[in-house]
Amino acid sequence: MKFRTKQIHAGVEPDPVTGSILTPIYQTTTYVQPSVDGYLSKGYSYSRSGNPTVRALEKKLAALEGGADCCCFTTGMAAINATILAFLSAGDHAIVSDVAYGGTYRLCTKVYARFGVEFTFADTSNPSAVEKALRPRTRLILTETPANPTLKLTDIAAISEIARRADVRHAVDNTFLTPYYQRPIEMGADLVIHSTTKYLDGHNATVGGAVVVRSKDLDEKIRFIQNATGTIVSPQVAWLTLQGAKTLSERMDRQCANALEIARFLESHRKVATVRYPGLESFPQHALARRQAAGFGAMVWFEVRGGLGAGKTLMNSVRLWSLAENLGSVESLVTHPATMTHADVEEAERKRVGITDGLVRLSVGMEDASDLIEDLAQALDKV
């Protein structure tokens, strides 16, 4: 099946009892067993360990990413956490993209560092930097591409090859591009992580996460953590995400087209100092963006001339753009990473990796692009 067909039909079948075209919400704690000897003959025992609605979503996401299987979690951070728990123990080492979601940085430096796990935040856009960061006890390379919020890219194939030679697992956070535009497993990655909260849901309705794996043995490791830590997504959230995923391609195409129009508008505006969007020819890694993915995504960032104060004026003056911490929804959102998504990253570290105090992040939605541009224009007039 082609992608658009998979996003509708993969993982789901009409309900065998009623014929319902939508997967039922199996809102249950437990499952009655036919006998002691027949325990698990129907595949389920307790909803912390597995649920039919959740399983349908896991099958769909595995199919979309081209993976062997998938585990779905309560949040994107629960998916990141499960990946770390599955492969790292005290004394082990991981390499993480130096630009990554603030929650990932917080989990590594404020939680796992307390238990003797070591992390190197390396420039994963430079394969040589990743090779230099390898240690005898490196067990995991975790990359985020495009990175949040600077959109810096990692060459997935190159880093996957480095990981393969070192016998290290490579996990890629694919939240920003989704499997519609980028499929890391096809480029050699071992695991793909999603915050399903974002584009896979697409409607600001849920929080959830997923880990798609290359092989069944990797799935066993992740699924053990899912069960042991009790972080499986709820059936209601799984059901909503199943519905959102059906329109992923159409939303992504519209949002991506809008993002390019908006990025070009900002690039030409006299009050804008810097604009970054992978679809712009001025983007430093534009060639890699074209080679590695089928689309450029719908995230844009820019800085207004006048620094932080000017940026705050703009963010406080927009009307259609909602000031909020999510991304990937049909509604357009504006975020100030330094005080919102990346507030737990130390100021010196933020500056080192290019997350300036004046950086404004846009998650471009499905509204008419001309309305979004008009709103940014009136806000820029007030700067």
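Everything in this summary refers to the structure shown in the same document.

What counts and what doesn't
Residues numbered from 1 in each chain as written. Predicted model: local features only at pLDDT ≥ 70, side-chain atom pairs only at ≥ 80, totals over all residues. Heavy atoms only, no water. Core = buried A, V, L, I, M, F, W, Y, C linked by side-chain atoms within 4.5 Å. Buried < 20%, exposed > 50% of the residue type's maximum accessible area, 1.4 Å probe, protein only. Helix = DSSP H or I, 4+ residues; strand = E, 2+ residues; numbered from the N terminus. Contact = heavy atoms within 4.5 Å. Pairing = 2+ DSSP bridges. Axes fitted to C-alpha atoms, helices over the stretch in contact; angles between N-to-C directions. Right-handed = clockwise from strand over helix to strand, strands pointing away.

## Looking at the nonpolar core
Nonpolar side chains tend to gather and get buried jointly when the protein is soluble and globular.
Working step 1: The biggest cluster of nonpolar side chains holds 65 residues, and the ones touching the most others in it are L266 and L362.
Working step 2: Examining the composition of this core, we find that eight residues originate from one element, helix α10 (residues 248-267), more than from any other.
Working step 3: Residues contacting L362, with those up to four places away along its chain left out, are I262, L266, A298, M299, V300, F302, W321, L333, V334 and L376.
Working step 4: One finds A79, I80, L107 and Y112 within the second-largest nonpolar core, a separate group that totals 30 residues.

## Some points on the sheet that holds strand β3 (residues 118-122)
Working step 1: If you walk across this open sheet you meet the seven strands as β1-β7-β6-β5-β4-β2-β3, and the pairing is mixed. Of all the strands in the sheet, just β1 (69-73) and β3 have a single pairing partner and so form its edges. Across the sheet, the axes of successive neighbouring strands diverge by a mean angle of 20 degrees, strand direction being ignored.
Working step 2: Pairing geometry for strand β2 (residues 93-97) and β3, over five bridges, is parallel. By the bridge assignment, V96 is partnered in β3 with F121.
Working step 3: In the packing of helix α6 (residues 156-166) onto the sheet, the strands contacted are β4 (138-144) and β5 (169-173), and the crossing angle to β5 comes to about 155 degrees.

## Some details on the pairing of β5
Both faces of the sheet carry side chains from a regular strand, because those side chains alternate between them.
Working step 1: Counting buried positions along β5 gives four out of five residues, so the element sits mostly inside the fold.
Working step 2: Pairing analysis gives five bridges linking β4 to β5, with the strands arranged parallel. In the strand pairing of β5, L140 is matched with R169.
Working step 3: Following the chain from β4 across α6 to the adjacent parallel β5, one finds a crossover that is right-handed.
Working step 4: Examined bridge by bridge, β5 and strand β6 (residues 191-195) share three bridges and lie parallel to one another. Its bridge partner lying in β6, D173 is registered against I193.

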